[in-house]
Structure formats: C-alpha cells, structure tokens
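Chain by chain, the residues run as shown.
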Amino acid sequence: MQQITIKAPATVANLVCGFDVLGMALEEPCDIMQVGLLDEPFVTVSSRDGFPLPSDPAQNTAGAPLLAIMEELGASRPGLGFEVLIDKKIKPGSGIGSSAASAAGAVVAANHLLGNIFSKQDLVRFAMFGEKVASGVKHADNVAPCIFGGITLIRSIFPLDIVSIPAPSLYVTVVHPQIEVRTADARQILRKNVLLKDAIRQWGNIAGLVAGLMRDDHELIGRSLEDVIIEPVRSILIPGFDEVKRQCKEAGALGGGISGSGPSIFMLSRDAAIAGAVEGCMKGIYEKIGLSYHTYITTINREGVKVYS
Ligand code: HSE
C-alpha cells in the first residue's frame, strides 16, 4: 500500500481581533499522521495517542474531509479510499487548532498520494468539512494557516479567498491551562449583534494588525492586538486571563490574547529572552492559581503541513 507520513502544525486562530478571518501557524507542537491509499471506497481513522475518536469517519475531523475528496472525485476514481493513523500531540479542546491539524494533515497527505491534483485553496475547502464536524460551522482560520503556513487572512469562505500575509520574525509563547473549552460551546455564548462603535474599533484593529505585520512595525502590531467583541465574553471561561495579559505585557510582550476559542493564551514577543520572561509570568500565575498548565515557546511556521515521504 502507498503510504506517507506528514507533520501538521498547531495554529492560533483569530489573532485576537480577527475572529474567523486571521490565523497563524506555529512551529510546535505538531501532529504526526500516516496516511495510505486503499483500493476500497472506505476511510478508516485510528490513533496511537489515547484520545478517543468517533468510529464513524463522517464524524471525524480527519475522516470528513477525506470523504469530501472521494465525493468530488466520484466516478473518476472508483474504489478510492484512505487509511489514517494519527499521533496527536496537539490536545483536543486546547485552542491551538487540534481539529484543524487532523483535517489539514489528512487532505495534504491525500493530495500528495493522488499526485497533487488539488490547489491549496481546494485543500482548505475540503479541510473545512473537518471543522464543521468539530465546531458545527465551517471556518478556515486554523486550516488555512495550517495548509499555507505563516499568517493567513481569510477574506471570505464562500467563495474562498485566502491571502497570505508576510510574517515577521516573532516569538510566540503559549500557555495551555489544562481545562477543555469546546469550540462549539465557545461560539454558542457569543452575542449575535455588535454595536457599530465596537465594529469600527475592531476593523481598525484588524487593518492595523495586517499593516503592522506587513511593515514589521512592532508598536502597531502591539496596539492592534485588541479585541472589543469576542474576548470580553470568552475570557470569563479562562481562569487568570486578565492577569496573564497584564503581566506578560509588563514583561515586554507586544500583546496577545485568547488563542482561537481558548483556553490557550498566546503572546507575541520580539525576541527569545522576552518570550522566556513571558513564559515565566504564565507559569507563575497558574502555579499560584493551582491549575495544571503546559507552555510552549515557539516561532511562526512558514511552511504549513510538511510531507516526509
Ligand atoms: N475562529 C474560531 C473561533 C477558531 O474563534 O471560534 C476556533 O479555533
């Protein structure tokens, strides 16, 4: 059987102000997946990491995108199927794109096995079927940076319009307090209406962040990492959130906030020393609260899903 191994990176969706429209790939952590072609029209997904998986591939974040590929190829590839083995290093419900890594990894691997017949944009379209399974809606702000690498702007998902934004050399510190926040729940609690004054502030911040990233303007990036719409609602689900933000900024972080739908919090820093000081603040806060946590110091992944063999 033809089989390959891929590495799919964690991602930070939203980048604070850009709910559902901005995302960034991280160097670490990454899921490892082995994907093989079957000559029967089935998808099987198994894991060697101990995290429970739905047995129905249509309900699985790696399986659903592969079924979408099979449906699209239809009669041109009768009897096409896939076998997936996942070694998940990105904990489900952590807020750093666990479901997206499974979905994006599966479609990049499948495309490679099929002779790279699909564009990256097509792969994002397929991978969003996995996000629908995970969170109830299609969103591309994890799967797009996971597939494209770097920082991506999702200007629209219907039709898909993805813009890669040049990513400056910044360090990313992430703390994952060990509680689980389901994306579907974190979306459910959001208000459905937004005040015009808040919308104006938010789109000013999104434009400021994109301009800051493109100009490598750290001050502008820092000022623009502000969310007046989503963060005030979701941050109440994350113990210690305000203190983490306050102390990390005092330690020199440019800024940061909730990673995706949380509970992870990320902070951007200009150098490794500040990223380390930021990690120290995060550790101190969760030690004091008495909540288990995991931290990462990493950088922006510019390559996206990596195919090994
Ligand atoms: N934009 C999505 C949300 C990302 O915040 O719900 C989930 O990872």
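In the block above lies the structure referred to throughout.
My aim in this report is to walk through the structure given alongside it, one point at a time. Keep in mind the model is a prediction, meaning the values are calculated, not measured.

A closer look at the site of the ligand
Inspection of the region around the ligand gives Ala 13, Asn 14, Phe 19, Asp 20, His 139, Asp 141, Asn 142, Thr 183, Arg 187, Arg 234 and Gly 260 as its neighbouring residues. Separating an oxygen atom of the ligand from a side-chain N or O atom of Asn 14 is a distance of 2.8 Å. In the model, an oxygen atom of the ligand is placed 2.8 Å from a nitrogen or oxygen of the Arg 234 side chain. Here the residues of the shell around the ligand sort into 2 nonpolar, 5 polar and 4 charged. Residue assignment places the shell around the ligand across two domains, with domain 1 (3-165 + 302-307) and domain 2 (171-299) each supplying three or more.

Side note on unusual backbone geometry
That bond from Glu 28 to Pro 29 is cis: its omega, -10°, falls within 30 degrees of zero. Summarising the element assignment, Pro 29 is placed in strand β2 (residues 22-38). The peptide bond linking Phe 158 to Pro 159 adopts the cis configuration, its omega dihedral lying at 0°. By the secondary structure assignment, Pro 159 is in the loop between β5 (151-157) and β6 (160-165). Despite not being glycine, Leu 15 has its phi angle at roughly 45°, a positive value. Structurally, the position occupied by Leu 15 is in the loop between β1 (3-13) and β2. Backbone geometry places Val 16, a non-glycine residue, at a positive phi of 75°. Structurally, Val 16 is set in the loop between β1 and β2.

Looking at the packing of aromatic side chains
The final tally for this structure, using the stated rule, is 2 aromatic pairs. Between Phe 118 and Phe 126 the ring centres are 4.9 Å apart and the planes differ by 75°, which places this aromatic pair in the edge-to-face class. With respect to burial, Phe 118 and Phe 126 carry one shared label: buried. Between Tyr 286 and Tyr 293 the ring centres are 6.4 Å apart and the planes differ by 35°, which places this aromatic pair in the tilted class.

Thoughts on the state of the cysteines
One pass over the full model with this rule turns up 0 disulfides. For Cys 146, which is in no disulfide, the shortest distance to another cysteine sulfur is to Cys 30 and amounts to 8.1 Å. On the basis of relative accessible area, Cys 146 is assigned to the buried category, the value being 0%.

Focus: the environment of Gly 136
Among the secondary structure elements, Gly 136 is positioned in the loop between α3 (120-135) and α4 (143-148). Take Gly 136: its relative accessible area is 45%, and that puts it in the partly exposed class. A C-alpha to C-alpha distance of 15 Å links Gly 136 and Pro 92, two positions 44 residues apart in sequence.

Regarding the packing of helix α1 (residues 63-73) against α3
Orientation of α1 relative to α3, taken along the N-to-C sense of each, is 140°, at an axis distance of 7 Å. Between α1 and α3, the interaxial angle falls into the category oblique. The way α1 lies across α3 gives a crossing that is right-handed. Each of Ala 64, Pro 65, Ala 68, Ile 69 and Glu 72 in α1 lies in contact with α3, whose residues at this interface are Arg 125, Phe 126, Ala 127, Phe 129, Gly 130 and Val 133. Among the residues making up the contact of α1 with α3, the classes are represented as 8 nonpolar, 1 polar and 2 charged.

Quick word on α1
Extensive coverage of α1 is indicated by the burial of 8 of its 11 residues. Among all positions in α1, only Gly 63, Ala 64, Pro 65, Leu 66, Ala 68, Ile 69, Met 70 and Leu 73 are buried. Turning to α1, the residues buried within the fold contact β3 (43-47), β4 (81-87), α2 (98-113) and α3. The first or second residue beyond α1 is Gly 74, which carries a positive phi of 45°.

What about the sheet that holds strand β10 (residues 293-299)?
In spatial order, the strands read β8-β9-β7-β10; together these 4 strands make up an open sheet with antiparallel pairing. Looking at strand neighbours, the two that pair on one side only are β8 (255-258) and β10, the edges of this open sheet. When the angles between neighbouring strand axes are averaged without regard to direction, this sheet yields 15°. With 7 bridges joining them, strand β7 (residues 171-177) and β10 adopt antiparallel strand pairing. Within β10, the residue paired with Pro 177 across the bridge is Tyr 293.

Criteria and cut-off values
Residues numbered from 1 in each chain as written. Predicted model: local features only at pLDDT ≥ 70, side-chain atom pairs only at ≥ 80, totals over all residues. Heavy atoms only, no water. Near = heavy atom within 4 Å. Polar contact = N/O pair within 3.5 Å; in protein donor to acceptor, adjacent residues only side chain to side chain. Nonpolar A, V, L, I, M, F, W, Y, C, P; charged D, E, K, R; others polar. Domains from an automatic or database assignment. Helix = DSSP H or I, 4+ residues; strand = E, 2+ residues; numbered from the N terminus. Phe/Tyr/Trp six-rings, centres within 6.5 Å; stacked < 30°, edge-to-face > 60°. Buried < 20%, exposed > 50% of the residue type's maximum accessible area, 1.4 Å probe, protein only. Disulfide = S-S within 2.5 Å. Axes fitted to C-alpha atoms, helices over the stretch in contact; angles between N-to-C directions. Parallel < 35°, antiparallel > 145°, perpendicular 65-115°, else oblique. Left-handed = near helix turned anticlockwise from the far one by under 90°. Contact = heavy atoms within 4.5 Å. Pairing = 2+ DSSP bridges.

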